[in-house]
Amino acid sequence: MASLSIVVPFIFLLLVNWCFARPLYPLPSRRNDRNRRPLQTFRPYNVAHRGSNGEIPEESAASYMKAIEEGADFIEADILATKDGVLICSHDVNLDDTTDIHDHKEFADRKRTYEVQAVNITGYFSVDFTLEELKSLRLKQRYPFRDQQYNGMYSIITFEEFISIALDAPRVVGIYPEIKNPVFINQRVKWSGGKKYEDKFVETLKKYGYRGSYMSKEWLKQPAFIQSFAPASLIYISKQTNIPKVFLIDDVNIPTQDTNQSYQEITSDKYLDFIKEYVVGIGPWKDNLVPVSGNYLETPSDLVARAHVRNLQVHPYTFRNENQFLHFNFSEDPYKEYDYWINKVGVDGLFTDFAGSLHQFQEWTNPLSSGEEDAHKLLDRIASMISKFKHA
Amino acid sequence: MLFLVGCSSRSLYPLPNRRHNGNRQPLQTFRPYNIAHRGSNGEIPEETTAAYKRAIEEGTDFIETDILASKDGVLISFHDVCLDDTTDIAEHEEFINRKRTYEVQGSNVTGYFVVDFTLKELKSLRVKQRYPFRDQQYNGKFSIITFEEFISIALDADRIVGIYPEMKNPVFINQRVKWPGGKKFEDKFVEILKKYRYRGSYMSKEWLKQPAFIQSFAPTSLLYISNQTDLPKILLIDDVNMPTQDTNQSYWEITSDKYLDFIKEYIVGIGPWKDTLVTASDNYLRKPTDLVARAHARNLQVHPYTFRNENKFLHFNFSQDPYKEFDYWINKIGVDGLFTDFTGSLHQFQEWTSPLSTGEEDANKLLDKIVFMISKFKTK
């Protein structure tokens, strides 16, 4: 009878093992022979910063789907981790500004003060909540002057759910995830087998077939950029994946969180020569690329030139339509701002809260042609040109 | 006496810089009119020479202004009856005793009124940007201009630019300012237009040479001048709770079929506040009212006011994007003209979506596009 008490649990374990270890077959909606329109690569990338968060609360499924609908090339997300080690999409380390955490009395005792990048922050931190608990919260629009009507409707999503949205799109849409606050995450969250946050990040990408260097065949099928403010993290994962990486650069007075290097150091020629072996581009704050005074842009700094000469792309952040974010050169007109950065400064990609507006600007000034539609338009225009001469 | 009369009544010969020989680019008439509301006041303080010249530079079809009168009867370009919000009057100690309280359109207003200052005194003031969130760098640089100076700016432009002056607060002006010979504000208004040869009905040859619309919230003023000039007139319509200042008629009355049938004999169009054309709730536009349809059925143009780029003025349907707003009003609602504080943005939108062609530039662009299209097939 002793053997039965061993066999039964053993069989049970086998069954459990089979159930949880089924292979990841392609979903019917994602068959390989889908004829999806490819990523455009002839004009600067339209990167939907946290989705279309100008209209819908940031980093929600709805926000990302809206961005795809509006024509974004890439959907962008900040990846953090829960208490139980699940990677999620959320920008702030704390939940106070973008969720209804304050309405949840059951979590009232989770308030903490932590040091994050040398600043003490008090609030409810996502690293102190399990995924199940986070899923019970609801997102809200961060800025009061944006549409509040979707507050309370959407949940936080996981990294895998974010990837799913991109893979489900009717055309090829890239992803642009960020290794966000890795120093803080690795302090607070532990994974089994000695793995770190960066390992889990890359693991997730590989699980869904993301691979390939910039512009390779594999990459074009599933485009991705990995971004981070932490150079050590980017260098660390460079052995694990050849997906292109972008080095984010913070404001002039903020040192890197992991290597404590200053803005001056990481934008120096020497550093760019070093980092260019690991990254395909940089992502600076746009007001550092062109300094501002009296709310007017002045002469551009040479950072774009020095990056481009090293074949490094430049993807500045963040473009927003609201006039409080527009310098007076642009007559409160976000399209004038796009025109300046794309045509005068010559950036290679733009992080924008309003992917729809950027797409519209690009379609008006540098359109994707669909061939047949264009032929008809051309014939129309030739006809209208000739007809003008009839009456002359 | 004769000598004096001779000096002050020399004939108005054409200035050398205005002998265009008819070679100026004509007014566009194939797409809705781009009306620079108070000039490019999104960028430069309203109703200044600089604001109007900027608007012309940015491609506007019409420069718009509000006409009031000074104490000594000179017609000036100025929107408010008071100087407080758009000038540095508060810094002029010499005028400190001019503060008054008058009733204007049923409410008591306290401030420094333009009708209590001579032109010379007004010219000593400096104009400032009304909205704190707009560029303040031109504050203190520009003066108030006269109606005649405003007209001058249009006539000096290097292409044909129309004018869109408003008979502003005629009831109030006529109460406060008197002209010799029993003339009224409306008479002086038309006199100046005629002096500079503005005439002709809508789309006539004379009109196309010097296009103009006369606008007013006061229907009797428009009726009154209809005998004096056949320049096209526009009846402005205020918010739903504001009766007309002269006839005390409600919004509902002046937008009724009966009234439109009556007024259409005198005007070519209406200028409503845009939020009355399409109902809004929770900062979203909902369904359009039928006013545009009823106006258009009577061949009345619709020129709504006022379009502004700042997100606080944009309904949420438009994703904080002023171009989406232009697209909605032009392509969905089908308006015939737009009063905008940002004539440059409207011009850009129109150039991208319904461009003026210049012929040669277009031919080159077309060849480029054909080459680009063919080249795509080469590498397949």
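The shown structure was predicted, so the numbers you read here are calculated from the model rather than taken from an experiment. (Residues numbered from 1 in each chain as written. Chains lettered and ligands numbered in written order. Predicted model: local features only at pLDDT ≥ 70, side-chain atom pairs only at ≥ 80, totals over all residues. Heavy atoms only, no water.)

Visitor: Looking at this structure, how should I read the overall build of chain A?
Guide: In terms of helices and strands, chain A carries 15 helices and 13 strands. Classification of the 392 residues of chain A by burial places 52% in the buried group. Put simply, chain A shows about 18,300 Å² of open surface, and 55% of that area lies on carbon and sulfur atoms. (Helix = DSSP H or I, 4+ residues; strand = E, 2+ residues; numbered from the N terminus. Buried < 20%, exposed > 50% of the residue type's maximum accessible area, 1.4 Å probe, protein only. Areas by Shrake-Rupley, 256 points an atom, 1.4 Å probe, with all protein chains shown as cover.)

Visitor: Just checking my understanding: could you explain the overall build of chain B for this structure?
Guide: Looking only at helices and strands, chain B has 15 helices and 14 strands in total. Against the globule reference of 21 Å for 380 residues, chain B gives a C-alpha radius of gyration of 22 Å, in line with a compact fold. Its C-alpha atoms put chain B at 85 × 55 × 45 Å along the principal axes. By residue count, 54% of the 380 residues in chain B fall in the buried class. Looking at chain B alone, contacts between residues at least 24 apart form 70% of all its contacts between residues at least 6 apart. Carbon and sulfur atoms provide 52% of the accessible area of chain B, an area that totals close to 17,500 Å². For chain B, the distance from the average site of its 49 positive side-chain charges to the average site of its 51 negative ones is 4 Å. (Rg over C-alpha atoms; globule rule 2.2 N^0.38 Å. Contact = heavy atoms within 4.5 Å. Lys, Arg positive; Asp, Glu negative; His and termini not counted. Charge placed at Lys NZ, Arg CZ, Asp CG, Glu CD.)

Visitor: What is the right way to read the interface of chain B and chain A from this model?
Guide: Taken together, the contact pairs 35 residues of chain B with 32 residues of chain A. Summed over both sides, the interface of chain B with chain A buries roughly 2,900 Å², with 57% coming from carbon and sulfur. If you sort the residues of chain B by the area they bury against chain A, Gln320, Trp352 and Leu366 of chain B come out on top, with a joint share of 21%. Counting across the chain B and chain A interface gives 16 residue pairs in polar contact (both at pLDDT 80 or more). (Buried area = accessible area lost by both parts, 1.4 Å probe. Polar contact = N/O pair within 3.5 Å; in protein donor to acceptor, adjacent residues only side chain to side chain.)

Visitor: Would you mind showing me how to read the UniProt feature "domain: GP-PDE" (unreviewed entry) in chain B here?
Guide: The feature "domain: GP-PDE" (unreviewed entry), as annotated in UniProt, sits at residues 32-350 of chain B in this numbering. Within residues 32-350 of chain B, the helical portion is 30% and the strand portion 19%, while the C-alpha atoms at the span's ends are 9 Å from each other. (UniProt positions renumbered as here; feature names shortened; annotations may be inferred.)

Visitor: Is there a simple way to explain the UniProt feature "domain: GP-PDE" (unreviewed entry) in chain A in this structure?
Guide: Annotation from UniProt places "domain: GP-PDE" (unreviewed entry) at residues 44-362 of chain A. Taken end to end, residues 44-362 of chain A has its terminal C-alpha atoms 9 Å apart, with 30% of it in helix and 17% in strand.

Visitor: Please clarify how the nonpolar core should be interpreted in this entry.
Guide: Proteins that are soluble and globular tend to have nonpolar side chains buried together. Ile75 of chain A together with Trp329 of chain B are the most contacted members of the largest nonpolar core, which totals 182 residues. In contact with Ile75 of chain A, other than residues within four places in its own chain, are Ala48, Tyr64, Ala67, Ile68, Phe162, Ile165, Ala166, Val173, Gly174, Ile175 and Tyr176 of chain A. Residues Val172, Tyr176, Trp219 and Tyr317 of chain A belong to the second largest nonpolar core, which totals 13 residues. (Core = buried A, V, L, I, M, F, W, Y, C linked by side-chain atoms within 4.5 Å.)

Visitor: Quick question: what am I supposed to make of the pairing of strand S14 (residues 337-340) of chain B here?
Guide: For a regular strand, the rule is simple: side chains alternate between the two faces of the sheet. All names here are of chain B. Of the two faces of S14, both are covered, the one formed by Gly337 and Phe339 as well as the one formed by Leu338 and Thr340. In this sheet, S14 lies alongside strand S1 (residues 33-36) in parallel orientation, the contact comprising four bridges. Following the sheet pairing, Ile35 is matched in S14 by Phe339. (Pairing = 2+ DSSP bridges.)

Visitor: Can you walk me through a nonpolar patch on the surface in this structure?
Guide: Together, Leu379, Ile382 and Ile386 of chain A together with Leu367, Ile370 and Ile374 of chain B make up an exposed nonpolar region whose accessible area comes to about 540 Å². Among the elements of the structure, helix H15 (372-390) of chain A together with helix H15 (360-378) of chain B are those that each provide at least two residues to the nonpolar patch. Structurally, Leu379 of chain A can be placed in helix H15. (Patch = residues over 30% accessible without salt bridge, like charges linked within 9 Å, V, L, I, M, F, W, Y side chains within 5 Å. Salt bridge = Lys/Arg side-chain N within 4 Å of Asp/Glu carboxyl O.)

Visitor: Just to check I follow, could you spell out helix H14 (residues 343-353) of chain B for this structure?
Guide: Taken residue by residue, H14 of chain B has Thr343, Gly344, Ser345, Leu346, His347, Phe349 and Gln350 of chain B as its buried positions. Those residues of H14 of chain B that are buried are in contact with helix H14 (355-365) of chain A together with S1, helix H2 (49-57), helix H13 (322-333) and S14 of chain B.

Visitor: Quick question: what am I supposed to make of the environment of Tyr197 of chain A here?
Guide: Residues and elements named next belong to chain A. Take Tyr197: it is sitting in helix H6 (residues 197-207). Assessed through its relative accessible area of 0%, Tyr197 is described here as buried. Taking the C-alpha atoms as reference points, Tyr197 and Pro182, 15 residues apart in sequence, are found 6.8 Å from one another. Contacts of Tyr197, omitting those with residues within four sequence positions, involve Ile79, Leu80, Leu87, Glu178, Ile179, Lys180, Pro182, Ile185, Asn186 and Trp191.

Visitor: Can you walk me through the packing of aromatic side chains in this structure?
Guide: The way to describe two aromatic rings as a pair is by their centre distance and the angle between their planes. All names here are of chain B. Taken as a whole and assessed by the stated rule, the structure comprises 80 aromatic pairs over all chains. When the centroid spacing of 6.5 Å and the interplanar angle of 25 degrees are considered together, the rings of Trp179 and Phe185 count as stacked. In this structure, Trp179 and Phe185 share a single accessibility class: buried. Relative to Phe349, the ring of Tyr323 lies with its centre 6.3 Å away and its plane at 70 degrees, an arrangement referred to as edge-to-face. Of this pair, Tyr323 sits in helix H13 while Phe349 is found in helix H14, placing the two residues 26 residues apart along the sequence. The pair Tyr323 / Phe349 is uniform in exposure class, with both members buried. The ring of Phe117 has Arg98 lying over it, and the distance from NZ or CZ to the ring centre is 4.8 Å. Against the face of Phe313 rests Arg308, its NZ or CZ located 5.2 Å from the ring centre. (Phe/Tyr/Trp six-rings, centres within 6.5 Å; stacked < 30°, edge-to-face > 60°. Lys NZ or Arg CZ within 6 Å of the ring centre and 35° of its normal.)

Visitor: Before we go on, may I ask you to explain a positive patch on the surface in this structure?
Guide: Residue and element names in this part refer to chain B. Side chains of Arg197, Arg199, Lys205 and Lys209 sit close together on the surface and give a patch of like positive charge. For Lys209, the position within the fold is in helix H7 (residues 205-209). On the accessibility criterion, Lys209 (56% relative accessible area) is exposed.

Visitor: Whenever I open this one, the side chain of His92 of chain B confuses me. Can you help?
Guide: All names here are of chain B. As for its placement among the helices and strands, His92 is situated in the loop between strand S3 (75-77) and strand S4 (100-104). A relative accessible area of 12% means that His92 is categorised as buried. At 2.9 Å, the side chain of His92 forms a polar contact with the side chain of Glu94. Apart from residues lying up to four places away in sequence, His92 is in contact with Ser124 and Leu125.

Visitor: Looking at this structure, I do not really get the layout of surface pockets. What am I missing?
Guide: Sizing a probe to match a water molecule and rolling it over the atoms shows the empty space that remains. Residues and elements named next belong to chain A. Of the volumes computed, that of the second largest pocket is approximately 1,100 Å³. For the lining of the second largest pocket, the secondary-structure elements that each account for two or more residues are strand S2 (74-81), strand S4 (112-116), strand S5 (119-123), helix H5 (182-188) and strand S8 (245-249). If you tally residues by element for the lining of the second largest pocket, the top one is H5, at three residues. The residue inventory of the lining of the second largest pocket, partitioned by class, reads 16 nonpolar, twelve polar and 13 charged. (1 Å grid on protein atoms, 1.4 Å probe; cavity = no way out; pocket = protein on both sides within 12 Å on 5 of 7 lines; lining within 4 Å. Points joined across faces, edges and corners; volume = space filled by probe spheres on them. Nonpolar A, V, L, I, M, F, W, Y, C, P; charged D, E, K, R; others polar.)

Visitor: When you look at the pairing of S1 of chain B in this model, what are you seeing that I'm missing?
Guide: Residues and elements named next belong to chain B. Residues Tyr33 and Ile35 point to one face of S1 and Asn34 and Ala36 to the other, with burial holding for every one of them. Both S1 and strand S2 (residues 62-69) contribute to a ladder of two bridges, which runs parallel. Of the residues in S2, the one forming a bridge with Ile35 is Phe62.

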